[in-house]
Amino acid sequence: MKKYALLFLLLFQLANATEKDSLNTVNPFVKYHSFLEEEDFCDACGCSASGGSMGFTSMLNSNFVGIRYFNQQYKSMDGLYSNSPWYKENFNTVQAWGRIPVSETVQVSALIPYHFHERETATGNKSINGIGDITVLAMYRLYQTHKDSTFLVHTLQLGGGIKAPTGKFNEANSGSINPSFQVGTGSWDYLLATEYVVKRKQFGLNFMLNYVIKTENQKNYRFGNQLNYAGTFFYLYEKNSFSIVPQLGFAGEVYESNYQHNQKLKNTNGDILFGKIGLEVGKERLSFGANAMLPINQNLTGGNVEANYRWSINLNYSL
């Protein structure tokens, strides 16, 4: 975590030359993508309900409403024997999501997920579905340079949010090999987030760091707190009313141990690092996005759970 903080500070102090950073064409998306944010709120170990590390907002338009589908693939085993069978798990989520400005420096994001998950077991396939936990997040723009006065454009945002226990928590599923097989945590959880973006004309880098504080639910179960971090390189191409933003980067998640009746549960912590690639295309006020993530390194629940891949698609309308 220290090395990411150091990288952030070094980038923030980069040169302030006088070359103008502006576009030569007029595009309806110009006023929407000034931040190019991508906050990630995933709960792969704690509960896959919130975002699948696929991002909390669009990289093309910062103010929007839309719908998104994302899919996560896992496999798990009981770990009792070296030849214990692996079982497939398929997590699916449809989200209504959006980001709305409330002032020049404050934006509020919200997502309402609906989950339908499936997994194999020794006694046959099992499925669950239902509305998930609703999340609301406010971001405050603490600092932004003027585009016409600097060689590099910097944007720094800080924020916080809350996740309400609107999704059902099934206590029986929490005792399984993968306790993430839920549609909700059953608890009020709190989010702290920060984001830094540095741009040079059409090129840019986005760095994100956030921390999720999870509380105990009514079943005396508490998912472990979670740290998320990500870095994304992007290129913005614009011509008339058409925009395209290819993206390439990484994302990581670190999970603390779960607790039940104040007792730490063995093999419920872990960490994972993903490589990610994405693309967003905009025309007039509509935009379409697609993202994919593949694990580079992982250690989830003592090696008894493995993430295979994640992908998402979304359709947004710019406000």
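Since the structure is predicted, the reported quantities are computational estimates derived from the model, not experimental observations.

## Some thoughts on the overall build of the protein chain
Okay, so step 1: Across its full length, the protein chain carries 2 helices and 17 strands.
Okay, so step 2: Counting only residues that meet the buried cut, the protein chain has 49% of its 319 residues in that class.
Okay, so step 3: Long-range contacts, defined here as pairs at least 24 residues apart, represent 65% of the contacts in the protein chain between residues at least 6 apart.
Okay, so step 4: When the accessible surface of the protein chain is totalled, it reaches about 14300 Å², and 60% of it is carbon and sulfur.

## So, the pairing of strand β7 (residues 189-200)
Okay, so step 1: Of the strand pairs in this sheet, strand β6 (residues 153-163) and β7 are connected by 11 bridges, and their pairing is antiparallel. Across the sheet, residue Q157 finds its bridge partner in β7, namely E195.
Okay, so step 2: In this sheet, strand β8 (residues 203-214) lies alongside β7 in antiparallel orientation, the contact comprising 12 bridges. Its bridge partner being in β8, Y190 is matched across the sheet by I213.
Okay, so step 3: Linking β7 to β8, which pair antiparallel, is a turn of 2 residues; within it K201 sits at a positive phi near 55°.

## Remarks on the pattern of salt bridges
For side chains bearing opposite charge, pairing can occur when the charged atoms are close.
Okay, so step 1: For the coordinates displayed, the defined rule picks out 5 salt bridges.
Okay, so step 2: One salt bridge connects K75 with E306, and the closest N-O pair in it is separated by 3.6 Å. Taken together, the residues span a long stretch of sequence, with K75 in strand β1 (residues 64-76) and E306 in strand β17 (residues 305-318) at a distance of 231 residues.
Okay, so step 3: For K163, the salt bridge goes to D133, with nearest N and O atoms at 2.7 Å. With K163 in strand β6 and D133 in the loop between β4 (126-131) and β5 (135-144), this residue pair connects regions lying 30 residues apart in the sequence. Each member of the pair, K163 as well as D133, carries the same accessibility label: buried.

## What about the sheet that holds strand β14 (residues 263-264)?
Backbone-to-backbone hydrogen bonds pair the strands of a sheet. The strands run either parallel or antiparallel.
Okay, so step 1: The strand order across the open sheet built from 3 strands is β9-β13-β14, with neighbouring strands paired in antiparallel fashion. Every interior strand has two partners, whereas the edge strands, β9 (221-222) and β14, have only one.

## Some remarks on unusual backbone geometry
Okay, so step 1: In this structure, H261 is a non-glycine residue whose phi angle is positive, near 55°.
Okay, so step 2: Structurally, H261 is set in the loop between β13 (259-260) and β14.
Okay, so step 3: Residue classification places H261 among the partly exposed positions, given a relative accessible area of 47%.
Okay, so step 4: In this structure, T301 is a non-glycine residue whose phi angle is positive, near 45°.
Okay, so step 5: Within the fold, T301 resides in the loop between β16 (286-300) and β17.

## Some points on the environment of W86
Okay, so step 1: Examined against the element boundaries, W86 turns out to sit in the loop between β1 and β2 (87-101).
Okay, so step 2: On the basis of relative accessibility, which here comes to 33%, the residue W86 falls in the partly exposed class.
Okay, so step 3: With 11 residues separating them in the primary sequence, W86 and K75 have C-alpha atoms 6.1 Å apart.
Okay, so step 4: Beyond its immediate stretch of four places on either side in the chain, W86 contacts K75, S76, M77, E120, G303, N304 and E306.

## Considerations on the packing of aromatic side chains
Okay, so step 1: The full count for this structure, using the stated rule, is 10 aromatic pairs.
Okay, so step 2: Each member of the aromatic cluster is reached from another via a ring pair, and the members are Y74, F91 and F181.
Okay, so step 3: In this structure, K75 is placed above the aromatic ring of W86, and the distance from its NZ or CZ to the ring centre is 5.1 Å.
Okay, so step 4: Between R119 and the ring centre of F181, over which it is positioned, the NZ or CZ distance is 4.1 Å.

## Section: a nonpolar patch on the surface
Okay, so step 1: A cluster of nonpolar side chains, V65, I67, I100, L286, F288, L294, Y309, W311, I313, L315, Y317 and L319, forms an exposed patch at the surface whose accessible area comes to about 1100 Å².
Okay, so step 2: Within the residue set of the nonpolar patch, elements represented by two or more residues are β1, β16 and β17.
Okay, so step 3: A total of 5 residues in the nonpolar patch trace back to one element, the largest contributor, which is β17.
Okay, so step 4: Along the chain, L315 turns up in strand β17.

## Some remarks on the pairing of β1
Okay, so step 1: With 13 bridges connecting them, β1 and β17 associate as antiparallel partners. In the strand pairing of β17, Q73 is matched with Y309.
Okay, so step 2: Of the strand pairs in this sheet, β1 and β2 are connected by 13 bridges, and their pairing is antiparallel. Paired with K75 across the bridge in β2 is K88.

## Description of the nonpolar core
One recurring pattern in soluble globular proteins is that nonpolar side chains are buried together.
Okay, so step 1: With 15 residues, the main nonpolar core has Y74, I272, F274, L300 and A307 as its most contacted residues.
Okay, so step 2: Looking at this core, the elements that each hand over two or more residues are β12 (242-255), β15 (270-283), β16 and β17.
Okay, so step 3: If sequence neighbours within four positions are ignored, A307 has contacts with Q73, Y74, I272, F274, P295, Q298 and L300.
Okay, so step 4: Membership of the second largest hydrophobic core comes to 5 residues, among which are L60, F234, L236 and V245.

Reading guide: rules and limits
- Residues numbered from 1 in each chain as written.
- Predicted model: local features only at pLDDT ≥ 70, side-chain atom pairs only at ≥ 80, totals over all residues.
- Heavy atoms only, no water.
- Helix = DSSP H or I, 4+ residues; strand = E, 2+ residues; numbered from the N terminus.
- Buried < 20%, exposed > 50% of the residue type's maximum accessible area, 1.4 Å probe, protein only.
- Contact = heavy atoms within 4.5 Å.
- Areas by Shrake-Rupley, 256 points an atom, 1.4 Å probe, with all protein chains shown as cover.
- Pairing = 2+ DSSP bridges.
- Salt bridge = Lys/Arg side-chain N within 4 Å of Asp/Glu carboxyl O.
- Phe/Tyr/Trp six-rings, centres within 6.5 Å; stacked < 30°, edge-to-face > 60°.
- Lys NZ or Arg CZ within 6 Å of the ring centre and 35° of its normal.
- Patch = residues over 30% accessible without salt bridge, like charges linked within 9 Å, V, L, I, M, F, W, Y side chains within 5 Å.
- Core = buried A, V, L, I, M, F, W, Y, C linked by side-chain atoms within 4.5 Å.

All we've got here are geometric facts, nothing functional implied.
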